[in-house]
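Residue strings, one per chain:
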Amino acid sequence: MVKKIILFIIIIGIIGAIVMYLWNKPHRDIAAAKEDFIISATDFYKEYSANETSANAKYLDKVIAVEGVISAIELENADEPTVALITATPDMTVSCGFKKELLSEVKKLKPNDKIKIKGKCDGMGMFGVVITQCSLIK
Amino acid sequence: MKIKIIILIGLFAFATAFTIKMESGKYLTKNGKMSFFSSTGIEDIAAENNKVSSVLDSKSGKMVIEVLIKSFRFKKALMEEHFNENYMESSKYPKSKFDGKIDNLTAINFSKDGTYKTTISGNLTIKDKTNPIKTDAIITIKGGKLNGKTKFKILLADYNIVIPSVVKDKIDKEMEITADLDYESMK
């Protein structure tokens, strides 16, 4: 009987631990993840503008390493410092959103710098492709 | 004399046309803020998106706002996963859109600093459903820049967002959406 009760408590404990783990499971660490694709900002946007649906099927939620030239550093939203990369289409960019903790790193960058950024693909907005949870690849 | 006047008028017209062409009257943001909130019996559902894009035309009052669903960040990873996979089906419907206008455009002086209360109305598309909405908004003009703020509620069922019956009583049927968009003048 005692054995059964102990076993029961252990099982409840294990189930509880699993539930707690799932409930509090950590966010995907994009910076530590291996990239699924390495692509230039120009090609990335070109592929998206050619066929958004198929580009979404290929890239959404994937970890992308994007290589390109900085067109602008956008700091107007303090919660997500952004680096925009030039594409072949004027006014369209690959917009890379960083966590606010990385503000000081983003501030060191300048337009026309060549750069490689890793982030998660969120899709195409009004002004180009958007990746978030970005980090710099050195 | 007459010729001089005609030339002057011509020059004036040319200058005016040129000025109008210089000032597009359009404002844009690429990194606007939008969040939503819903209280539940278990834990509040809250998320924030800092990559909202929008264009606002101060001449016609027309505005478009686009939101990528996958740019919403939650505190809890599990909640973010459920939001994307079960509720929003964000791989199938990656973006939401508002297409509308400022209702009382004439009351807003875009060239003068000030705060204006207004309403905006238009069509809101979430997933594959589009519904007309009308909401209060506050527009602030300061130093050539524009800030737009609004807060409104949507009924989840209006947008085909299905709550599983297990948690039906615990999740609010409404969701409060807040937007805070800092626009810059478009060159």
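For every chain, the first residue of the written sequence is number 1, and numbering continues from 1 along that sequence. To label them, take the chains in the order written and letter them from A, then take the ligands in the order written and number them from 1. Where local features are concerned, this predicted model is filtered to residues with pLDDT of at least 70; where side-chain atom pairs are given and counted, the filter is 80 or more; whole-chain, interface and lining totals use all residues. Only hydrogens and water are set aside; all other atoms, that is, all heavy atoms of the structure, feed into the side-chain values.

A. How the structure looks around the overall build of chain B. Where helices and strands are cited, they refer to DSSP runs of H or I of at least four residues and of E of at least two residues respectively, numbered from the N terminus. Within chain B, the secondary structure is distributed over 2 helices and 9 strands. When the helices and strands of chain B are read in sequence order from the N terminus, they spell out α-β-β-β-β-α-β-β-β-β-β. For the radius of gyration, the atom set is restricted to C-alpha positions; the globular benchmark scales as 2.2 Å times the number of residues to the power 0.38. For chain B, the C-alpha radius of gyration of 21 Å lies well beyond 16 Å, the compact-globule estimate for 187 residues. Dimensions of chain B, computed from the C-alpha atoms along their principal axes, are close to 85 × 30 × 25 Å.

B. Expanded view of the nonpolar core. Throughout, nonpolar core names a set of buried Ala, Val, Leu, Ile, Met, Phe, Trp, Tyr and Cys residues whose side chains join them through atoms within 4.5 Å. Residue exposure (1.4 Å probe, protein chains only): buried if accessible area is under 20% of the type maximum, exposed if over 50%, otherwise partly exposed. Counting residues in hydrophobic clusters, the biggest one holds 43 residues, and the most contacted among them are Phe36, Ile65, Ile102 and Phe110 of chain B. Any two residues having at least one pair of non-hydrogen atoms within 4.5 Å are treated as being in contact. Beyond its immediate sequence surroundings of up to four residues, Ile102 of chain B is in contact with Leu56, Gly61, Met63, Ile108, Phe110, Thr118, Thr119, Ile120 and Ile139 of chain B. The next biggest cluster of nonpolar side chains, apart from the first, holds 25 residues, and it includes Leu60, Cys96, Val106 and Cys134 of chain A.

C. Representation of the side chain of Asp122 of chain A within the structure. One can find Asp122 of chain A in strand 5 (residues 114–125). Polar contacts involving the side chain of Asp122 of chain A include one to the side chain of Thr132 of chain A, which spans 2.7 Å. Side-chain atoms alone can form a polar contact between residues adjacent in sequence; in general such a contact is a pair of N or O atoms within 3.5 Å, and within protein one must be able to donate a hydrogen while the other accepts it. Separated by 2.6 Å, the side chains of Asp122 of chain A and Ser71 of chain B make a polar contact. Not counting residues up to four positions away in its chain, the partners in contact with Asp122 of chain A are Leu60, Val130, Ile131 and Thr132 of chain A together with Leu68, Lys70 and Ser71 of chain B.

D. Seen up close, the pattern of salt bridges. When a carboxyl oxygen of Asp or Glu lies within 4 Å of a side-chain nitrogen of Lys or Arg, that pair is called a salt bridge. The full count for this structure, using the stated rule, is 18 salt bridges over all chains. The residue Asp79 of chain A makes a salt bridge to Lys100 of chain A at a minimum N-O spacing of 3.4 Å. On the criterion of sequence distance, the pair formed by Asp79 of chain A in the loop between strand 2 (63–74) and strand 3 (82–86) and Lys100 of chain A in the loop between strand 4 (93–98) and helix 4 (103–107) is long-range, its members being 21 residues apart. The partner of Asp79 of chain A in a salt bridge is Lys33 of chain B, with the nearest N and O atoms 2.2 Å apart.

E. View of the layout of surface pockets. Residues and elements named next belong to chain B. Points on a 1 Å grid, built from protein atoms alone, make a cavity when a 1.4 Å probe fits but cannot get out and make a pocket when they are open with protein on both sides within 12 Å along at least 5 of 7 lines; residues with an atom within 4 Å of a point are the lining residues. Grid points are joined across faces, edges and corners, and a volume is the space filled by probe spheres set on the points. Considering only enclosed or pocket space, the largest pocket measures out at about 760 Å³ in volume. Residue lining of the largest pocket: 39 residues in total, with Phe36, Ile45, Phe74, Phe83 and Met175 positioned closest to the centre. Within the residue set of the lining of the largest pocket, elements represented by two or more residues are strand 1 (26–38), strand 3 (62–68), helix 2 (77–87), strand 5 (95–102), strand 6 (114–126), strand 7 (129–142), strand 8 (145–155) and strand 9 (174–185). Considering each element in turn, the lining of the largest pocket owes the most residues, 6 residues, to helix 2. Under the scheme applied here, ten amino acids are nonpolar (Ala, Val, Leu, Ile, Met, Phe, Trp, Tyr, Cys and Pro), four are charged (Asp, Glu, Lys and Arg), and all others, including Gly, are polar. Broken down by class, the residue content of the lining of the largest pocket amounts to 31 nonpolar, 6 polar and 2 charged.

F. Geometry of the pairing of strand 6 (residues 128–136) of chain A. Residues and elements named next belong to chain A. The element strand 6 is largely enclosed, with a buried count of 8 among its 9 residues. By the convention used here, strands pair only if DSSP detects at least 2 bridges between them. As paired strands, strand 4 and strand 6 are joined by 5 bridges and run parallel to one another. Note that in strand 6 the partner of Val94 across the bridge is Val129. The sheet contact formed by strand 5 and strand 6 spans 7 bridges and is antiparallel. Counted as the bridge partner of Gly125 is Gly128 from strand 6. Count of turn residues in the strand 5/strand 6 antiparallel hairpin: 2 residues.

Everything listed here is a matter of geometry and, on its own, says nothing about what the molecule does.
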